[in-house]
Structures are given as C-alpha cells and as structure tokens.
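Here is what each chain is made of, one letter per residue.
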Amino acid sequence: MKRLYTLYILFILSIAAFANSRSAGDVNVRDLHAARFENTMHVTGDIVLDSLTLTSNRIVVLTPILEDKEGHSAVFRSVMLTGRNQHYVYLRQGNENYPNAIEQRRLNGQAQSIAYDEKTQYESWMTAGNTSLRIAVDTCGCGKLIGSNDVVLPVGGQTQPQPQPQFKGLNLGDLACPFVMPNVDAAPEQFVEGAAYVTYELDSITLKPHKFNNPRELMKIYSDIDKVKRDTLVSITQVSIHGFASPEGRYDHNTYLARERAKTLLNWVKKECADNNVKVEQFNSDFTSENWEGLIDSLNHHPEMQNCEAILELAKSDMEPDLRNETIKKKYPKQYTYILKNWYPYLRHADYKVGFRLGQVSVEQIKELIKTRPQVLSLSQFMQAAQTYEPGSAEFNQVFDVAVRMYPDDPTANVNAAYAALMSGNTEGAAKFLQKAGESPEALNARGVLALQEKRYEAAEAFFKEAQAAGLDAATKNLQLLDSLR
C-alpha cells in the first residue's frame, strides 16, 4: 500500500544568506513529498537551480534527513551543487564526505533542475507523530549535517492513506487508459566533461607530456576516458578536444595556436587511448581563437576589481579583438597587468568531452538502472520495465514518474505519466503532466478521463469525442462508460 504523508510543498533556500559564500540567488525545491511504498520510504521533488549563481570554487550540498523528536533519523542521498572548478575536482577525486552524492555542476544563467527521487528502508517510527524532514545545507562540502542554514519541514503523523476521489458507480479500473508506446530510439548520449590546463612553451604547438604540470593535466583526460571504458554497460561515442587561446597577442596568431594545440593534444589522446573500445574516427577537435567568454566570466565573479565595469563593457563589445585587448591594456594598465599574470594563463586551456551511450541491456538491468542511473535510459526502455509490473502498482507508477522526470518536456512521457496518475486517482498530478502531453488522441482521451474523475461530464464527453474522431478505440469505451453514469 502506498502511504503519502503531509508534505507536498515548495520551499526556497536562499543561497545569498549562506555565510562566507560568494554565491547568490535561490534554490527552489518544488513538489517535495515523502512517501511510503511498501517497505521503503521515498523522498522526491524537483530541485530548480535557475536562480542560483555559483562561483567556480563554491560547493553547496543539500541532504534530506527524515527525523523525529525521539532521536530517530534516516539520511537520504545528498545533492552536491558545484561551481566549475569544484566540478572538475569532484570528477577527478570525488568527495570523501559525500561519496555517493548526486553531483551537478551549476551552469550559471542557464535553466537547470534535478529530479530527486531517493529511498531508504522503511521503519515504524517514520509513520509516528512529530516527524519532520530536515534539509541539511552544507556550504563547504565538509560533511556538516547540522547548521544554521538548515530548513526543517513538518511531515506530521498521518498514517492513513490519502483518500482517493470517489465517483458514484465508477471504478477507476474500468477507465480505458491506453499508454503510448515510445519510439524505439537509441539511449540518450551522456558526457563526462573536464578542462585540462596543458602548458606549452612560448609560441610553440609541440606538446611535451612530461614537462611543466602536463603529467597531471593529461592524466585528467586519460582517467576520465578510462573510467568510461571500464563501464561495461556503455560504449564510447566520441572524444572531443576544444582548445582556447587567451586574448593577448595578434588574433590570427592566437587562431593558429588554439587550432594547432588542440590538434596536438588530440593526437596525444588518440595515441594513448584509442583501442577496441574507442576508435580513432571517434576523436575530433575544435578551437576558439581567443577566450573572451572566460575573461568575461572572471570579471563577473570579481566585481571588487577597480574599473571592473568599464573593463567588462570593453570585453563584451563588438570591437575588433586586437583593438579590444589593446584598449584594455592602455586604459587600465594596472588591472591589465594583474589579468595578464593571474587570469590569462587559465584562459589558455582545452575542454574535453567523452561521450557515451548505454549498450544492449536486459530488462532486469533496466529496472536496476531506473533506481541508480535513470538518465542513461531511453523512453522505450522505461516502457520495457513498466510492462513487467502490474498496471496501477507502486512499481508500475514509479517507472512512469521517473521517466517523466528524465524527459520533462516529452509529450509521450507526460501522457503516460498522466495515465499512471489517473489510474491511482491522482488528478492533481495528472493535470500537471497533461500540460505538456501535446494533442495526440491519447492525450485528448487522458484529458477526458481527468474531466470525468472531476465530474466535468460535458468536458469529458467533448474530449472523448475528439479522441474518438481521431480513431482511438479507448475513447469509444470511455464514452460508453460516461453514458452509464448519467
């Protein structure tokens, strides 16, 4: 039996208030709820990062903890939000305080969200009164699970199942809810990404692997490729290198350096990493002549620098690149000297990306991946797993709930999630999914089922007739059911 507890809300964590943090903005946690499914306790919700800005070296870790006043507690999997530099640190060496965290690099200014769905073994105290869900907020990644920034949310002691809508003479099992079979597509391509700060001698394009800091930087690339190679469930699809030069010097010369250094680095990677698991033709390189975006990012994160706004305006201008750099140098010589010494060396680097895709897996492996790595699965693989469960069961519904979290804008994922919600009488959830379900006959029929459950009979009839006209047999059955209720 599924038991839902009194926790279904939105709350906002103000990152700007965190002590000693240069971060700004909010983390929104939407549709957070705690639920019991048979012998497990789940915490689910959408963590929305759109309003959050994290500087390169910052970490914010969110850890849900279910607890009561008697000292019982259950710690759920942590979510680690990282700035650019800390993301690469985590990829290389992890974090000993949060070894199993869900790590997400914050791409400032971009829409991002995390579909959180974690579980733990159910214990009897979890249904008692005075239970709360605390979101521990750690702004250093040092393992603190108690702090002044924590948010405590009451769960309450509701031990009875949430009541389902009651319809006179209507059995929810009688409703025709034809799930949509997704196209059999390849699993989505995933990526491991990083930045390597490989050093070359002045004006040289010759890579010296054993000189400067190059052994360490090259090992980053090698280790990430090797990590993907050792994952027996996936196949590498591509290895790409994107080289950047800094803005000092002539633009045409910087173009040459960025292009040729990227090729040189790619040749080293091919030599060291190409084998039966990754073919030479899967390697590619690209370049950016001058890394002005990197300079703009550095200026945005150091507003305390004297004349920062003026330098930022020049960096963003459409002025010819050589003139742009020379103008900053002449107008703000003190700041330019600092930038040249401290920032430009880091603008000269190579971003690398290792693409991979899930290979052939069994249904049992798919079911396990839904729990551990759902982002690697295609919609058709979610459907394969769902077909092994009893329709309407907790496991069946959970498959579609996770699928729509992985594919939040896909009409097929949304219409199937809506049907799963409707079969359990969850009209609120169904209405949310139907907003993105499109106008297919199945989506129209689902809107009719929703209207029927909400006793909006005229609307239900209109939706069913429209779906019927589009050739959906299930709509005919639902029209007959509707007639029997009148």
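Residue positions are given per chain, counted from 1 along the sequence in the order it is written. Only residues with pLDDT of at least 70 get local features here, since the model is predicted, and only at 80 or more are side-chain atom pairs given and counted; chain-wide, interface and lining totals rely on the full set of residues. Note that the side-chain values use all heavy atoms of the structure and ignore hydrogens as well as water.

Chemist: Would you mind showing me how to read the overall build of the protein chain here?
Modeler: Helix and strand assignments come from DSSP, with helices taken as H or I runs of at least 4 residues and strands as E runs of at least 2, each series counted from the N terminus. Scanning the protein chain from terminus to terminus reveals 16 helices and 15 strands. Of all 486 residues assigned to the protein chain, the portion counted as buried reaches 50%. For the protein chain, the share of sequence-separated contacts (at least 6 apart) that also reach a separation of at least 24 residues comes to 66%. Methods summary: accessible areas were calculated by the Shrake-Rupley approach with a probe of 1.4 Å, and residue burial reflects only the protein chains presented. In the structure as shown, the protein chain presents an accessible area of about 23,800 Å², 49% of it carried by carbon and sulfur atoms. Think of it in three bands: residues with accessible area under 20% of the maximum for their type are buried, residues over 50% are exposed, and the middle band is partly exposed, with areas taken using a 1.4 Å probe on protein chains only. Residue contacts are counted whenever heavy atoms from the two residues lie within 4.5 Å of one another.

Chemist: Looking at this structure, how should I read helix H5 (residues 308-316)?
Modeler: Along an α-helix, residues three or four positions apart point the same way, because every turn accommodates 3.6 residues. Of all the residues in H5, the buried ones are Cys308, Ile311, Leu312, Leu314 and Ala315. Looking down the long axis of H5, one finds its buried residues gathered within 160 degrees of arc, a one-sided arrangement. In H5, the exposed residues that point more than 90 degrees away from the buried face are Glu309, Glu313 and Lys316. What the arc measures is the spread of directions leading from the helix axis to the C-beta atoms.

Chemist: Got a minute to help me understand the packing of aromatic side chains in this structure?
Modeler: Put simply, two rings from Phe, Tyr or Trp (the six-membered ring, in Trp's case) pair if the centres are within 6.5 Å, and we call them stacked under 30 degrees between planes, edge-to-face over 60, tilted for the rest. Going through the model one piece at a time under the given rule, you end up with 7 aromatic pairs. With 5.6 Å between their ring centres and 50 degrees between their planes, Phe179 and Tyr419 make a pair best called tilted. With Phe179 in the loop between strand E11 (151-154) and strand E12 (190-196) and Tyr419 in helix H12 (residues 411-423), the pair connects residues that are 240 residues apart, well separated along the chain. Judged by centre distance (5.0 Å) and plane angle (70 degrees), the rings of Phe396 and Phe400 are edge-to-face. With Phe396 and Phe400 both in helix H11 (residues 394-406) and 4 residues apart, the pair spans about one turn of that helix. Comparing Phe396 with Phe400, the two get one shared label, buried. One aromatic cluster in this structure is built from Phe179, Phe396, Phe400 and Tyr419.

Chemist: It is not clear to me how the state of the cysteines should be interpreted in this structure. Could you clarify?
Modeler: Where two cysteines share a covalent bond between their sulfur atoms, that bond is called a disulfide. A pair of sulfur atoms, both from cysteines and within 2.5 Å, is called a disulfide here. Throughout the structure, instances matching the rule amount to 1 disulfide. Each sulfur of the disulfide joining Cys140 and Cys142 lies 1.9 Å from the other. Residue classification places Cys142 among the partly exposed positions, given a relative accessible area of 39%.

Chemist: Looking at this model, I keep getting lost on the side chain of Ser378. Mind explaining?
Modeler: Here Ser378 shows up in the loop between helix H9 (363-372) and helix H10 (379-386). At 3.0 Å, the side chain of Ser378 and the side chain of Ser380 are in polar contact. In this view, Ser378 contacts Asp185, Ala186, Ala187, Pro188 and Tyr407; residues no more than four positions away in its chain are not counted. Any pair of nitrogen or oxygen atoms within 3.5 Å is treated as a polar contact; in protein, a donor-acceptor pairing is required on top of that, and neighbouring residues in sequence qualify only through side-chain atoms on both sides.

Chemist: Just checking my understanding: could you explain the confidence of the model for the protein chain for this structure?
Modeler: As a note on interpretation, predicted positions should not be read in detail where pLDDT is low. The share of residues in the protein chain with pLDDT of 70 or more is 87%, and the mean pLDDT across the chain is 85. Think of pLDDT as the predictor's per-residue confidence, scored from 0 to 100. Across residues 14-24, where pLDDT falls below 50, the model places 34 contacts with residues more than four positions away in sequence or in other chains. For residues 156-169, every residue scores under 50 in pLDDT, and the model assigns this stretch 28 contacts once sequence neighbours within four places are set aside.

Chemist: How should I be thinking about the pairing of strand E10 (residues 132-138) in this particular structure?
Modeler: Each regular strand shows side chains that alternate between the opposite faces of the sheet. Within E10, 7 of the 7 residues are buried, which leaves it mostly tucked inside the rest of the structure. Pairing between strands is defined by DSSP: at least two bridges between the two strands are required. Across 7 bridges, strand E5 (residues 59-67) lies against E10 in antiparallel orientation. Across the sheet, Thr63 pairs through a bridge with Ala136, a residue of E10.

Chemist: Just to check I follow, could you spell out empty space enclosed by the protein for this structure?
Modeler: Over the atoms rolls a probe the size of a water molecule, and its path tells where empty space is left. Points on a 1 Å grid over protein atoms alone make up a cavity when a 1.4 Å probe fits among them but cannot get out, and a pocket when they form an open set with protein on both sides within 12 Å along at least five of seven lines; lining residues each have an atom within 4 Å of a point. Grid points are joined across faces, edges and corners, and a volume is the space filled by probe spheres set on the points. Applying the stated rule across the entire model yields 2 cavities of 30 Å³ or more. Taken as a whole, the largest cavity holds about 90 Å³ of empty space. Val29, Ile47, Pro64, Tyr116 and Ile135 are the residues nearest the centre of the largest cavity, which is lined by 10 residues in total. Amino acids are sorted into nonpolar (Ala, Val, Leu, Ile, Met, Phe, Trp, Tyr, Cys and Pro), charged (Asp, Glu, Lys and Arg) and polar (every other residue, Gly among them). Here the lining of the largest cavity is built from residues that sort into 9 nonpolar, 1 polar and no charged. Put simply, the second largest cavity is a space of about 50 Å³. Every residue along the wall of the second largest cavity is listed here: Pro182, Leu379, Phe382, Met383, Val399, Phe400, Ala403, Thr412, Ala413 and Asn416. Taken together, the elements giving at least two residues each to the lining of the second largest cavity come down to H10, H11 and H12. For the lining of the second largest cavity, the residue count by class is 8 nonpolar, 2 polar and no charged.

Chemist: Whenever I open this one, unusual backbone geometry confuses me. Can you help?
Modeler: Note on backbone geometry: most residues besides glycine have negative phi, and most peptide bonds are trans. Of note, Asp203 is a non-glycine position whose phi angle comes to about 65 degrees, a positive value. Its place among the elements puts Asp203 in the loop between E12 and helix H2 (214-229). A positive phi angle, near 60 degrees, is found at Lys455, a position not held by glycine. Locating Lys455 in the fold gives a position in the loop between helix H14 (441-453) and helix H15 (457-469).

Chemist: Please explain the pairing of strand E7 (residues 79-82) as it appears in this structure.
Modeler: Burial along E7 is two-sided: Val79 and Leu81 and Met80 and Thr82, pointing in opposite directions, are all buried. Strand direction decides the pairing type here: E5 and E7, joined by 4 bridges, are antiparallel. Along E7, the bridge assignment pairs Leu62 with Val79. Where E7 lies against strand E8 (residues 102-105), 4 bridges are found, and the strand directions are parallel. Bridging across to E8, Met80 finds its partner in Glu103. For the handedness criterion, the β-α-β arrangement of E7, helix H1 (residues 84-93) and E8 is classed as right-handed. A clockwise path from the first strand over the helix to the second, with the strands pointing away from the viewer, defines a right-handed crossover.

Chemist: Whenever I open this one, the nonpolar core confuses me. Can you help?
Modeler: Across soluble globular proteins, you tend to see nonpolar side chains buried next to one another. To define a nonpolar core, start from buried Ala, Val, Leu, Ile, Met, Phe, Trp, Tyr and Cys residues and group those joined through side-chain atoms within 4.5 Å. Counting residues in hydrophobic clusters, the biggest one holds 70 residues, and the most contacted among them are Ile241, Leu265 and Val269. Among the elements that take part in this core, H12 stands out by supplying 8 residues, more than any other. Leave out the neighbours within four places in its chain, and Val269 touches Ile221, Ile225, Val239, Ile241, Ala274 and Phe283. Val29, Leu52, Val79 and Leu81 belong to the second largest nonpolar core, which has 26 residues in total.

Chemist: Looking at this structure, how should I read the side chain of Thr82?
Modeler: Counting through the fold element by element, Thr82 comes out in strand E7. At 2.6 Å, the side chain of Thr82 forms a polar contact with the side chain of Glu103. When sequence neighbours within four positions are dropped, the list of residues in contact with Thr82 reads Leu54, Arg58, Ile59, His87, Glu103, Gln104, Arg105 and Arg106.

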